[in-house]
Amino acid sequence: MSSASAHAADPAGDFVSPDGIRDRFAQAMSAMYRDEVPQYGALLDIVADVNARVLRAAEDSAPMPEAERARLGVERHGAIRVGSARELGMLRRMFAIMGMQPVGYYDLSIAGVPVHSTAFRPADPDALARNPFRIFTSLLRLELIENPELRTLAARLLDAREIFTPGALRLTEEFEARGGFDQQQAQDFVGELLQTFRWHARATVPLELYRRMHDAHRLVADVVCFRGPHINHLTPRTLDIDAVQQEMPRRGIAAKEIIEGPPRRRVPILLRQTSFKALAEQVRFGDGAGEIGAHTARFGEVEQRGIALTPKGRALYDELLREANAGGAQSGPEDYEARLERVFQAFPDDLDAIRRQGLGYFDYAPTAESIPAGVDAGDLEALVAAGAVRARPIVYEDFLPVSAAGIFQSNLGDAARRAFQAADARAAFERALGCAAHDEFALYEAQQTASIERCLRGPATARDEARHLP
Ligand code: OOG
Ligand code: NI
């Protein structure tokens with residue numbers, strides 16, 4: 001069915017697309033955070049400058065595909081932490097309105113952090129190209145609070161709070177009943193949902209209780225002692241993270257010392273991230289005039305994304321990162337970078353080798369009108385070798401919080417390191433979520449497989465199909 005007839009037959013044609021709602025929401029979140037944390041705005045300016053410079057330099061030799069270039073300017077991820085199954089389940093329904101699905105499961109307890117998480121993001125390539133806005137969403141694991149009295153108090157505080165506005169709740173039900181939003185509803189929904197993620201300069205508990213929660217873990221205090229899950233960072237994507245890292249101090253931003261993830265390479269893999277330190281913000285505790293104190297939660301981060309790795313590539317990456325980190329905390333940042341680079345020489349740094357060894361995911365597309373004589377149209381490798389098919393790396397759309405947290409933990413030394421004894425909690429997480437989280441590898445694999453199938457049906461056919469896309 002063509003989209004024109006769907007439009008005529010179905011009132012859904014008048015609904016704002018999920019991509020459109022997500023785009024508005026991402027812009028609104030960015031504007032709000034820029035307002036609340038001015039250093040985030042400064043970081044956006046640096047990233048815009050660096051990206052423009054990289055794109056200009058690559059214009060002749062390796063121009064970026066138009067779709068990728070277009071999304072770069074709006075690309076962000078954020079992070080929030082919620083406290084209960086109900087909160088997570090509601091968020092899943094609300095993010096679904098914006099085409100954001102739970103992808104991946106991250107158990108952060110292995111790094112001593114009492115949460116587990118997923119990333120809400122668009123799952124299909126077209127939606128990702130429109131606006132890849134992602135929100136890394138963590139659920140506090142109350143059962144990991146050791147003190148039973150504190151655990152009960154935390155549960156009570158979470159039970160008593162409502163993080164959604166009545167408008168957001170009503171609109172979500174309306175959306176689910178009708179299957180879409182008109183322009184006005186979309187605008188209202190974005191405005192209402194935004195309220196959930198804003199900063200509250202007043203805690204819901206007295207300072208003394210805040211301190212006890214903080215002693216259990218600073219994330220426990222961050223989740224339990226406030227009215228809602230304030231967005232704790234918003235991260236733009238850069239094409240040269242080393243340049244951003246160097247530029248930050250020049251513009252008065254205190255960056256952390258090392259970039260997390262893989263070393264700088266010709267072919268970027270997965271994700272490299274760096275951040276500036278969290279701000280200590282003034283908070284009023286308790287009722288009435290209350291006591292004045294500070295809470296440290298919100299920071300800034302920047303990331304560079306590379307090719308998505310297959311399970312085989314990821315296993316190699318994890319092994320090499322472990323080896324690099326085994327050097328321990330005694331060495332300075334310079335030693336760490338050198339060691340990382342040395343160890344990662346074992347990971348091929350050339351697209352063709354990564355592809356041939358099955359370490360990364362690729363999107364294949366025909367290049368030629370007709371297949372050169374003597375080349376088997378059913379043989380992908382022969383088509384690639386003959387130049388009749390090109391392979392482009394698929395961008396990693398997900399996260400690496402545990403490898404980052406692992407480095408953080410190893411820098412803290414033994415005294416501060418805490419390994420929570422946690423059974424596999426994925427099932428409980430997905431019950432709270434109300435559905436299973438997508439397997440990120442399966443999504444990349446499906447994209448690669450679909451692209452190969454289009455090539456093997458014959459270059460001309462695939463190109464015709466592409467021409468007929470709306
Ligand atoms: C987890 C944030 C994880 C990333 O980029 O890996 C994340 C949190 O502290 O809430 O945003
Ligand atoms: Ni982040």
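Structure's up top.
Focus on the site of ligand 1
Link 1 in the chain: By nearness alone, every residue bordering ligand 1 is listed as His77, Ala79, Arg81, Phe136, Asn232, His233, Gln273, Glu301, Phe399 and Pro401.
Link 2 in the chain: Here an oxygen atom of ligand 1 sits 2.9 Å away from a polar atom, N or O, in the side chain of His233.
Link 3 in the chain: Alone, ligand 1 offers 330 Å² of accessible surface; in the complex the protein occludes 88% of this.
Link 4 in the chain: Of the residues belonging to the shell around ligand 1, the class tally is four nonpolar, four polar and two charged.

Looking at the pattern of salt bridges
Link 1 in the chain: Scanning the model with the defined rule gives 36 salt bridges in all.
Link 2 in the chain: Note that Asp242 is salt-bridged to Arg272, the shortest N-O span being 3.0 Å. One end of the pair, Asp242, is in helix α12 (residues 241–250); the other, Arg272, is in strand β6 (residues 271–276), and 30 residues separate them in sequence. Judged on exposure class, the residue Asp242 and its partner Arg272 are both buried.
Link 3 in the chain: Each of Glu68, Arg71, Glu75, Arg134, Arg237 and Glu397 takes part in salt bridges that share partners, so that together they form one network.

Remarks on the coordination of the nickel ion (ligand 2)
Link 1 in the chain: Protein coordination at the nickel ion (ligand 2): the donors are His77 (NE2), His233 (NE2) and Glu301 (OE), at 2.1 Å from the metal.
Link 2 in the chain: For the nickel ion (ligand 2), all donor residues lie on one chain, and their spacing in sequence is H-x155-H-x67-E. Linking His77 in strand β1 (residues 76–82) with His233 in strand β5 (residues 233–236), this pair joins segments that are 156 residues apart in sequence.

Cut-offs used in this document
- Residues numbered from 1 in each chain as written.
- Chains lettered and ligands numbered in written order.
- Predicted model: local features only at pLDDT ≥ 70, side-chain atom pairs only at ≥ 80, totals over all residues.
- Heavy atoms only, no water.
- Near = heavy atom within 4 Å.
- Polar contact = N/O pair within 3.5 Å; in protein donor to acceptor, adjacent residues only side chain to side chain.
- Areas by Shrake-Rupley, 256 points an atom, 1.4 Å probe, with all protein chains shown as cover.
- Nonpolar A, V, L, I, M, F, W, Y, C, P; charged D, E, K, R; others polar.
- Salt bridge = Lys/Arg side-chain N within 4 Å of Asp/Glu carboxyl O.
- Helix = DSSP H or I, 4+ residues; strand = E, 2+ residues; numbered from the N terminus.
- Buried < 20%, exposed > 50% of the residue type's maximum accessible area, 1.4 Å probe, protein only.
- Donors = N, O, S within 2.8 Å, 3.2 Å for Na, K, Ca; no water.

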